[in-house]
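Structure at a glance
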Amino acid sequence: MGEIEGTYRVLQTPGSRLGVQKTTGVSTLEPGQNLCTAMASSPAKTHERDLPIKIQMLDNTVEVLDIESKHYGQTLLTEVYKHLNLIESDYFGIEFQNIQSHWIWLEPMKPVIKQVRRPKTTMLRLAVKFFPPDPGQLQEEYTRYLFALQIKRDLAEERLTCSDNTAALLVSHLLQSEIGDFDESEDREHLKTNQYLPNQERIEGKILEFHRKHVGQTPAESDFQVLEIARKLEMYGIRFHLASDREGTKINLAVSHMGVLVFQGNTKINTFNWSKVRKLSFKRKRFLIKLHPEGPYQDTLEFLLGSRDECKNFWKICVEYHTFFRLFDQPKPKAKAVFFTRGSSFRYSGRTQKQLVDYIKDSGMKKTPYERRHSKVRASTRTSNTDMPKQSVPFTEGLRTPGSPASAAAPFHSVHSSSTPTPVLPIFAETSPSSLDPRTPYPRMPEKNTAAPAEAVGRKLMQQPGSPMLQGLPVDHPQLSSLMLKSPLGLNPMFQVNLNTAGQGSSPLLSPVLSDAGSAKIEEDDEMKRKRYPTDKAYFIAKEILATERTYLKDLEVITVWFRSAVIKENAMPEGLMTLLFSNIDPIYEFHRGFLKEIEQRLSLWEGKTNAHVKGDYQRIGDVMLRNMRTLKEFTSYLQKHDEVLTELEKATKRLKKLEMVYKEFELQKVCYLPLNMFLLKPIQRLMHYKLILGRLCKHYTAEHRDFADCRNALKEVTEMTSQLQHSLIRLENFQKLTELQHDLIGIDNLTAPGREFIREGCLYKLTKKGLQQRMFFLFSDMLLYTSKGVTGTNQFKIHGHLPLHGMLVEESENEWAVPHCFTIYSAQKTIVVAASTHLEMEKWMEDLNMAIEMAKKSTEKSDMLLENSVYNRSNRSSDEVSLEQESEDDIHSSRSSLDRQSHHRANTTMHVCWYRNTSVSMTDHSVAVENQLSGYLLRKFKNSNGWQKLWVVFTNFCLFFYKTHQDDYPLASLPLLGYAVSSPVEADGIQKDYVFKLQFKSHVYFFRAESKYTFERWMEVIKRATSSPARSSLLLPKDEKDSHTD
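I will try to describe carefully the structure that is included in this document. On a predicted model such as this, the values are computed, not experimentally measured, just so you know.

Conventions adopted
- Position labels on residues start from 1 in each chain and follow its written sequence.
- Whole-chain, interface and lining totals are the exception, using all residues; otherwise, since this is a predicted model, local features are given only for residues with pLDDT of at least 70 and side-chain atom pairs are given and counted only at 80 or more.
- Hydrogens are left out, water is left out, and the side-chain values use all remaining heavy atoms of the structure.
- Strand pairing follows a simple DSSP-based rule, namely that at least 2 bridges must link the two strands.
- A run of DSSP states H or I qualifies as a helix once it reaches four residues; a run of E qualifies as a strand once it reaches two. Both are numbered from the N-terminal end.
- Note on geometry: axes are C-alpha line fits, over the in-contact stretch for helices, and angles between N-to-C directions span 0 to 180 degrees.
- Whether two residues touch is decided by their heavy atoms; if any such pair falls within 4.5 Å, the residues are in contact.
- Centres within 6.5 Å make a pair out of two Phe, Tyr or Trp rings, where for Trp the six-membered ring is used; the pair is then stacked when the planes are under 30 degrees apart, edge-to-face when over 60, and tilted otherwise.
- Working definition: with a 1.4 Å probe on protein chains only, accessible area under 20% of the residue-type maximum means buried, over 50% means exposed, and in between means partly exposed.
- Put simply, a salt bridge is a Lys or Arg side-chain nitrogen that is within 4 Å of an Asp or Glu carboxyl oxygen.
- Polar contact is the term for a pair of N or O atoms within 3.5 Å; when the atoms are in protein, one must be able to donate a hydrogen and the other to accept it, and sequence-neighboring residues count only if both atoms are side-chain atoms.

Another point: the sheet that holds strand 7 (residues 123-128). Either a parallel or an antiparallel arrangement is found when strands of a sheet pair, and the pairing is made through backbone hydrogen bonds. What the five strands build is an open sheet, ordered 4-3-7-5-6; its pairing is mixed. In this open sheet, the two edge strands, each paired with only one partner strand, are strand 4 (62-68) and strand 6 (103-105). Each strand of the sheet is rotated relative to its neighbour by a mean of 40 degrees, with strand direction disregarded. Across four bridges, strand 5 (residues 92-97) lies against strand 7 in antiparallel orientation. Looking across to strand 7, one finds that E95 is bridged to R125. In this fold helix 2 (residues 73-84) packs onto strand 3 (50-56), strand 4, strand 5 and strand 7, with an angle of close to 120 degrees to the strand it touches most, strand 5.

What follows is about the packing of aromatic side chains. Per the stated rule, a full pass over the model turns up 35 aromatic pairs. Arranged with centres 5.1 Å apart and planes meeting at 65 degrees, the rings of F130 and Y321 form a pair that is edge-to-face. With F130 in the loop between strand 7 and helix 3 (141-156) and Y321 in helix 8 (residues 308-326), this residue pair connects regions lying 191 residues apart in the sequence. Of the two residues examined, F130 and Y321, each falls in the buried class. Here the aromatic rings of Y142 and Y145 are separated by 6.4 Å at their centres, their planes lie at 40 degrees, and the arrangement is tilted. With Y142 and Y145 both in helix 3 and three residues apart, the pair spans about one turn of that helix.

Moving on: the pattern of salt bridges. Summed over the entire model, instances satisfying the criterion amount to 43 salt bridges. For R627, the salt bridge is made with E598, and the minimal N-O distance between the two is 2.7 Å. Placement of the pair is R627 in helix 17 (residues 622-632) and E598 in helix 16 (residues 575-606), with a sequence separation of 29 residues. Note that R1018 and E1021 form a salt bridge whose closest N and O atoms lie 3.1 Å from each other. Linking R1018 with E1021, this pair stays in helix 30 (residues 1013-1027), spanning three residues, or about one helical turn. Each of E544, R696, R1018 and E1021 takes part in a single network of salt bridges with overlapping partners.

Turning to the side chain of H214, a few remarks are in order. Along the chain, H214 turns up in the loop between helix 6 (204-211) and helix 7 (219-231). Looking at H214, the relative accessible area reads 1%, which means it is buried. Polar side-chain contacts of H214 include one of 2.9 Å to the side chain of S172. Within the structure, H214 has its side chain in polar contact with the backbone oxygen of F210 (distance 3.3 Å).

In C-alpha cells, the structure reads:
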C-alpha cells in the first residue's frame, strides 16, 4: 500500500471555539518570516517580462493587471485587493478553471505560472472563498455589497438552489439595490436585459410582486436582506466535489465553517463537525476523515474522488476552512526536513477570521465611509474620504445550523446591535436612479447630507411597513401568505450610522462570535426592566403562560401551516385524511390565536404600558383563564379524535409512497424540530400545562385574593378536561414513540403492534469476541431489541438481535466477568452479557427488565408469534451459551455505510442523544418531560466569554432550542441536556450576577441568567426533573398499583 500523500491533524483543536485557549497550526513559512517578507524574498527576478492577467470582478467587469511572470499568487491577490481598496480581503480569493473545467483557488505561496496553464488567455475571477455563517461578521458595508454580488452570481450559475419563492425574493432585493423602487415597466425592461436566474420568465410575476413591497428600502438594506435570506439556505456557500462512498454510491462533498458536509443530490445527509474530526488526509483518489473515537473503537471514513488532483484540491480547501474559522492565529512555521519530506506541506497562510476582525478593530485605521446608491454600477474601484465619520451597522442575531448531537454542545452565536450613546441617524440615498451614470463608482456620502434630514427620514422609516421575510422553505400555498407578511419592521434591520468625533474610538460591528460588544447595554437594559416591571410572583406565572402559549402556537403552525403546504404542493394526502386531520386541528389553532392575543393584552396592561391609571384592575390573569378554559371545553370532541388522526396518518404513510416521502422530507425541514407526530400530541399536552400553571397560581394566592376564585374555577374546568383525556394521552404517547422508533430502526416491520408498550431505550456495551461493543437497546413490554448505528448516512439503527421477554432471566455479573456495571441476560434464544456506563444505569435497566419480565409472565398473550411476524429472524443459539458472536462483515458494512438506501433522519432525537451520551431514557422520563416544558428569554454566557447574549429558549423533549426571538419559525441551534448537570455557579466560575444557573457536561459549560427569582427557580426545576430520570418505569403497573406509584 502507498503512503499517505497529505495529512492535516486537527488533534490540537478538537472542539475549539473562539474564546478558549489559543491553538496553533503549521505553516510553510520559514521561522521569523511573514507572508510579506516571504513574497519579497521570492526567487522572481526584478526585470522579468510582465505578464498581463485578466480578472473578472464580482460585478462582471474585467480588469487586466500586469505582474512579473514568476511572481507568486500573493502578489496578484494583493494587487487586486489594493485596486478595489478592499479591507476585509481574507474572505475572498481568485479562482480559475483547470483543464478538467474544475474551479481551483489560486494559491498565494506558488508562482502564478506554475498554477495557471495559459495565464495570458485564461480568465481568472474574484470570488468569495470563506462564507461566514452570519453577515453580521462582515464589518464593512462594501464587503457586504461584494458578498451580495457573489450570491447573485451563484443564483445565475445554479449553485444556490432554492424554491421559486425564495429565488424571486432574492432577485427582488437585487432589483431594489440596482434600480431602486418598483416601477413595473422599468422592472420588466430590466429583467429582459439582465438574467438573474435560468428561466426567470417563469417567476417574473412573483419577482415583481415582491419588489413592489420594498419601496423606500436603501441599497444597503437590500444587500443585507439578500445575505440574510441566502445564509439560511442549505446551499449557501456550498461548492460541490463529486465523490462516491465505499459502496460506490454517488455523493457530493463540500466544506463549510461547520465542517465537512456530505450531500446526496442537493440534500445534506451528514455533517462531520470540526469538533469531531481528528485528522484529514488523502491517498491518491481516496479522501480520509479520521474522527475522534466514540466508545471503544476508532472511526475512519473513506470517500473516493474522481482523480488525485481533485482529491488533493478538496483536501486543501478543508485545511483552509478549518484554519480560517477555527484557529486564533496564523499557523506557526514548520521546521523543514533535512533529507526528505513525506506528504504535502500545504497549509493555509493567510489571516484567520479572528485575526481579521481584531486587525480592523485594533489597528486604529479609519473606516472609510461608503454609501450604496440605487444604480447598476461598477464595483471595481472604491474612493476614500478620511475626513468622514466612522460607521457601524446593527444587525439581527446570527445563525449556526443545527447539527448532530455530537456538535450540539458546541455553541451557536448571535449578533447584538451596536450600542453607543452617540446619536443614530439613518442613511438614505438622495439621488434618483435616473440621475446616476451606471458606469460611475459609488461616491462617499458627505457629512452635511447625513445630518440635515435625519429627523424627517427617521420618522419616515418608522412609518414604513416591514418587508416579508422568506425562511428558505417552499411556501407556495395561499394559506401561508399571512405568515409571510406578519413580520414586524424590527425583524428587518435598519442600517444606521453612529456619528463620532475623530478622537473617539471606533465602534465597528462586532459579532459575539468574536467579541462581547453590546453586552454592557443588554445588562443595563435588563436592570432597567427589572426596576420598571411588576415583581409579584403572580405576574411571572402569568408571563410563563404567555411565553409557553407563544411556543405552543408556533408548534401548531408546524401542522396547520407548514405541513399543510407540503402535502398540498405535492398533492400527497388523500382528501379524506386531509379533512380528518385539519378539520380537527384548525379550530383549535384559531382558538389559541385569539387566546394568545388576550394574554398579550392583559400582560401589557399589567406591566403598565397602557392605561397606567387603571392598571390595578388588570393585575390578574384568572378571569382571562376562566373565560377561555370554558370555551376550550367545547373543543374536547376534537381532542378525542387525535387517536384516530394519529392512527390513520400512520396507516396512510405505510400505504402511500408519495405521502411517506413528503412526510420524511418534511421531518428534515428546520421548522420540524421534533418528530412530526409529536406536534399532534401538543393540544392534549397543553391542557396538562394549564392545569399545572393554574395549580401554582392557586397555591400562590390567598383565599381572599380577588383573582383566587377565578383561578380555582379555571383549574376545575381544565381538571375536568384532563381527567377525560388522561388515558388517551398515555396511549397516544406510547403510539407516538413506537411510530418514531419504527422510522428510525431498520429490520422490523410492525413495531406498532397492538398491546406493545415502550419501556426504555439507551446505550449499553455488549460483550463480543472483539470485546465490549457499543449497542443501542430498546425494551418493550414483550421483547428486548439491540441495535448498532452507522457513523454516516441515514442515522438509523440496524437491529442485530431480539430477545423475547417470556422466560427471560436477568442477573448481575460484575464478579464473574470482571467488568464494571455488568449484568447477564438469559433468554430462550441466547444469553448476552452487557455493561452499563454507571451503577445507576445498570440498576435502571435491571429494575425495568425484571418488572417487564414479571408483566410478560402474567400476560395471557405470548409474544413469540408477534416476534416472528415483525422482526427479521437471525440465528438460534442454545440458551446456556453466552453470546460472544462477532457480527458479520455484511452487518458491519451496512451499519457503517456512508449512504444507506433508507431515508435520512434527524440526529437530535432522544435515541441518538442516548447513544452519544451513554445513557438511557424510559417512558416515564418522557411523560415527566412532557409536564416540564418551558419557554422564555434568557441571557446566555459561555465559560470563556465576557458578554451575555439574549435568546429565546424553548425547553422540550430533553433539549434546549435557541431562537433569536419568539417570532422565529425554527430554532437556530439545539442543546440536548441528557447527561448535563444543572446547578448554581460556584465562586470559581466568577459569575457576579443574580438568578444564574449553570449547565455542565464534562468540559462543556454554559451559564444562563433569568429575569427574576421565580423564573430562575422554574428553569432549575424543569431541567432537573426532566434530566434526572427515575429508576423505575410505572407505565406497566396495573391500575390499582399506579395510584400509589409516583415519580
